[in-house]
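Topology and contacts: notes
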Amino acid sequence: MHEFELSYRENYRAVLAYLRRRSDGQIAEDLCAEVFARAWRGWPPQGNHLPWLYGIAHNVILEHYRGRDRDNSRDSELISVHSRTGQAAQSAEEIVTGPMRILDALATLAEADQEVLRLHTWEALSPEQMAVALQVSPATARVRLHRARKRLEEALRLDGEPPATKAPHNKAQHDWKVNNR
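This write-up is about the structure you can find in this document.

Assigned secondary structure in the chain consists of 9 helices and 0 strands. Overall, the chain shows an N-to-C arrangement of helices and strands of α-α-α-α-α-α-α-α-α. Taking contacts inside the chain between residues at least 6 apart in sequence as the whole, the part at least 24 apart equals 58%. Accessible area of the chain: about 11,300 Å², with a carbon and sulfur share of 51%.

Moving on, we get to the nonpolar core. Ranked by internal contacts, the top residues of the largest apolar core, which has 37 residues, are Val15, Leu19, Val35, Leu53 and Leu119. A total of 9 residues in this core trace back to one element, the largest contributor, which is helix α3 (residues 49-67). Leaving out residues up to four positions away in the same chain, Leu53 has contacts with Ser7, Asn11, Val15, Val35, Phe36 and Ala39.

In this structure the tally under the stated criterion is 4 aromatic pairs. A ring pair is formed by Tyr8 and Tyr12, whose centres lie 5.3 Å apart and whose planes are at 50°; its orientation type is tilted. With Tyr8 and Tyr12 both in helix α1 (residues 3-20), this residue pair falls 4 residues apart, about one helical turn. Owing to a relative accessible area of 35%, Tyr8 belongs among the partly exposed residues under this scheme.

Okay, the environment of Leu103 next. Topologically, Leu103 is positioned in helix α5 (residues 92-107). Taking the C-alpha atoms as reference, Leu103 lies 10.0 Å from Leu152; in sequence the two are 49 residues apart.

With that out of the way, let us pick up the side chain of Arg22. Here Arg22 is to be found in the loop between α1 and α2 (25-41). Looking at Arg22, its side chain comes within polar contact range of the main-chain oxygen of Tyr18, at 3.1 Å.

Reading guide: rules and limits
- Residues numbered from 1 in each chain as written.
- Predicted model: local features only at pLDDT ≥ 70, side-chain atom pairs only at ≥ 80, totals over all residues.
- Heavy atoms only, no water.
- Helix = DSSP H or I, 4+ residues; strand = E, 2+ residues; numbered from the N terminus.
- Contact = heavy atoms within 4.5 Å.
- Areas by Shrake-Rupley, 256 points an atom, 1.4 Å probe, with all protein chains shown as cover.
- Core = buried A, V, L, I, M, F, W, Y, C linked by side-chain atoms within 4.5 Å.
- Buried < 20%, exposed > 50% of the residue type's maximum accessible area, 1.4 Å probe, protein only.
- Phe/Tyr/Trp six-rings, centres within 6.5 Å; stacked < 30°, edge-to-face > 60°.
- Polar contact = N/O pair within 3.5 Å; in protein donor to acceptor, adjacent residues only side chain to side chain.

Have a look at this one:
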């Protein structure tokens, strides 16, 4: 059996699940086929195949959304898909408000922060594996994860208001940025 075929058999379900969590379930299989077609053209990867395949899947899903109309259907699809992945809570109120509060906070973050958090939490990738998927160094992946977590915490603390990630953290930092442009 060819190494690619073996990798396909071992990783197809994980890649398909990744795509289903980020897209309409009806198109996830088509997107998955595109991922493996691109993987075949770029074969062989270095190291663990799954993070590499997640990197390809990330690019495929981004291209898919760029090709669609830029109306609010994208956001509503993502929220719908993400809300189905929430764990059962203890009360009816928690079932609705708990996951929605987190999803609302997550939606206020930049797409890059959302993807880092999804890779780590939903795909259970280590920072080293995330680095392969994101095509960055492991140190950069760890820093991005740390910063994304902080931004999500801030968004949750602000209860739905966008976090102040673009504003300088303090006056000295602002003055330095202004004077060093």
